[in-house]
Amino acid sequence: LPLLLKATLLRLASGSYHPFYNGFYYNHVMNDDGNGQDKVDYLNGARLVVETSKDPVYSYNGANVTLPCHYRYEPEQGPKRKIRIKWSKLRDDYTKEQDVLVAIGKTYMAFGDFKGRAHIRQASRHEASLVISDVRLKDDGKYRCEVIDGLEDDSDVVDLQLQGIVFPYQPPRGQYRLNFHEAERVCQDQGAILANFNQLFQAWSEGLDWCNAGWLADGTVQYPIRLPRKPCGGVHLAPGIRSYGPRHRHLHRFDAFCFSSALKGEVFYLDRPAGMTLEEAKQSCQDAGAEIARVGQLYSAWKFAGLDRCNAGWLADGSVRYPIVTPRANCGPAEPGVRSFGFPSKGRFGVFCYRER
């Protein structure tokens, strides 16, 4: 790239510390006409307007997604010089932005985890849409599309939501054993990530009721209650998300709420007449060209693939569980869900395996 273009791209990439702008504040000048009212004079006689989707854009793990963004001038202008486009990912509190991509004309640069996965789609004259391939769980969130034309700029925000499921997780050691960083790791070990508040709220609205407090991605500790009861905040509190607020990420210990999305592959069940130990179960999955399934994969298969099996099976973390879509006699409670036998130190069971398609 020419030296000037490289310098411009680097300057755009480093301007993410402003919550809403990239440093180009001169999109209009204010002139006092003496009557106490400010008059707006746009520098080139036109107003730049950027628009994205007002509705969330839905996707899932491993898919490709396009975040729409278009811009226009009011009044419409003739051919102009190359504009600059910047995409960034927002935090929930809007205090920090993660650089995703910057572009000038057909030249662009993606950053961080988006390298090799993000590019600009410009199918029409005033399009600046962002294409993300191989969507990952942590791509979920709000994205800012910013267009800069000389001293003028405007931006708008689009919400990317992954279709997924939230599940509570306790390690084999028992309840409230995880600090924040350990909670992050155990979710990753189960093919998931720590859930954010919006994901937990969606799960609550779909029926999740869990009395144990767990970490969320923002470092807060919360739990969802559908049926108020004494051990869970009291019987007189309305249903909702109970919150302990931010906790110390090293010292305080709770459970975790993990988030997993739809799968690229399939989860299936294997068994032997006499059952299997955990090590035998792992080998059986390998012999079938698969691997022993993780907890997040079992939950995803239950929710999105309708996996319904009234037979307990080993999972990668040493737990024994089984998924029920249609409740029936001898298969646990009257509600659908993933049943758990905990982490048995002995016993012989079947196994749930996961295989990529």
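Calculation rules
Residues numbered from 1 in each chain as written. Predicted model: local features only at pLDDT ≥ 70, side-chain atom pairs only at ≥ 80, totals over all residues. Heavy atoms only, no water. UniProt positions renumbered as here; feature names shortened; annotations may be inferred. Pairing = 2+ DSSP bridges. Helix = DSSP H or I, 4+ residues; strand = E, 2+ residues; numbered from the N terminus. Axes fitted to C-alpha atoms, helices over the stretch in contact; angles between N-to-C directions. pLDDT = per-residue confidence, 0-100. Contact = heavy atoms within 4.5 Å. Salt bridge = Lys/Arg side-chain N within 4 Å of Asp/Glu carboxyl O. Buried < 20%, exposed > 50% of the residue type's maximum accessible area, 1.4 Å probe, protein only. Polar contact = N/O pair within 3.5 Å; in protein donor to acceptor, adjacent residues only side chain to side chain. Arc of directions from axis to C-beta.

Under the annotation held in an unreviewed UniProt entry, the chain carries the name HPLN3 protein and is attributed to Tychaedon coryphoeus. We quote the UniProt Subcellular location (unreviewed entry) comment for the chain here in full: "Secreted, Extracellular space, Extracellular matrix". Per UniProt, the chain carries the Sequence similarities (unreviewed entry) text "Belongs to the HAPLN family."

### Focus: the sheet that holds strand β11 (residues 129-132)
Across a sheet, paired strands are connected by hydrogen bonds in the backbone, their directions being either parallel or antiparallel. The strand order across the open sheet built from three strands is β5-β11-β10, with neighbouring strands paired in antiparallel fashion. Of all the strands in the sheet, the pair left with one neighbour each is β5 (65-67) and β10 (118-121). For this sheet the average axis-to-axis angle between neighbouring strands, irrespective of direction, equals 30 degrees. As judged from the three bridges shared by β5 and β11, these two strands associate in the antiparallel manner. Looking across to β11, one finds that Leu67 is bridged to Leu130.

### Quick word on the confidence of the model for the chain
On average, the chain scores 87 in pLDDT, and the residues at 70 or more come to 85%. Ignoring residues within four places in sequence, the model shows residues 1-43, a span with pLDDT below 50, making 70 contacts including any to other chains.

### Considering the pattern of salt bridges
If charged atoms from side chains of opposite charge come close, those side chains can pair. Counted according to the given criterion, the structure contains 18 salt bridges. A salt bridge links Glu74 to Arg72, with the shortest nitrogen-to-oxygen separation between them at 2.7 Å. Relative accessible area serves as the criterion here: at 32%, Glu74 is assigned to the partly exposed category. Judged by relative accessible area, which is 29%, Arg72 ranks as partly exposed.

### Details of the environment of Phe197
Of note, Phe197 is situated in helix α3 (residues 197-205). Considering only alpha carbons, one finds Phe197 and Asp92, 105 residues apart in sequence, at a separation of 9.1 Å. With sequence-adjacent residues up to four places away left out, Phe197 is seen in contact with Leu216, Gln222 and Ile241.

### Regarding the side chain of Ser260
Positionally, Ser260 belongs in strand β19 (residues 255-261). Separated by 3.3 Å, the side chain of Ser260 and the backbone oxygen of Gly296 make a polar contact. Separated by 2.8 Å, the side chains of Ser260 and Ser300 make a polar contact. Setting aside anything within four residues of it in sequence, one finds Ser260 in contact with Leu137, Gly164, Ile165, Phe167, Gly191, Ala192, Gly296 and Ser300.

### Things to note about the sheet that holds strand β13 (residues 152-162)
If you trace the six strands from one edge of the open sheet to the other, you get β4-β13-β12-β7-β8-β9, paired in mixed fashion. For this open sheet the edge positions go to β4 (57-59) and β9 (107-110), each flanked by a neighbour on one side alone. In this sheet, neighbouring strand axes are inclined to one another by 25 degrees on average, regardless of whether the strands run parallel or antiparallel. Bridging between strand β7 (residues 84-90) and strand β12 (residues 141-149) involves six bridges; their strand directions are antiparallel. If you follow Trp87 over to β12, its bridge partner there is Cys145.

### A few points about helix α2 (residues 180-189)
Where α2 is concerned, the buried positions are Phe180, Ala183, Val186 and Cys187. The buried residues of α2 all sit within an arc of 120 degrees when viewed along its axis, so they share a single face. Between a side-chain oxygen at the N-terminus of α2 and the backbone nitrogen of His181 the separation is 3.1 Å; the capping residue is Asn179. Two residues or fewer past α2, Gly191 is found with a positive phi of approximately 70 degrees.

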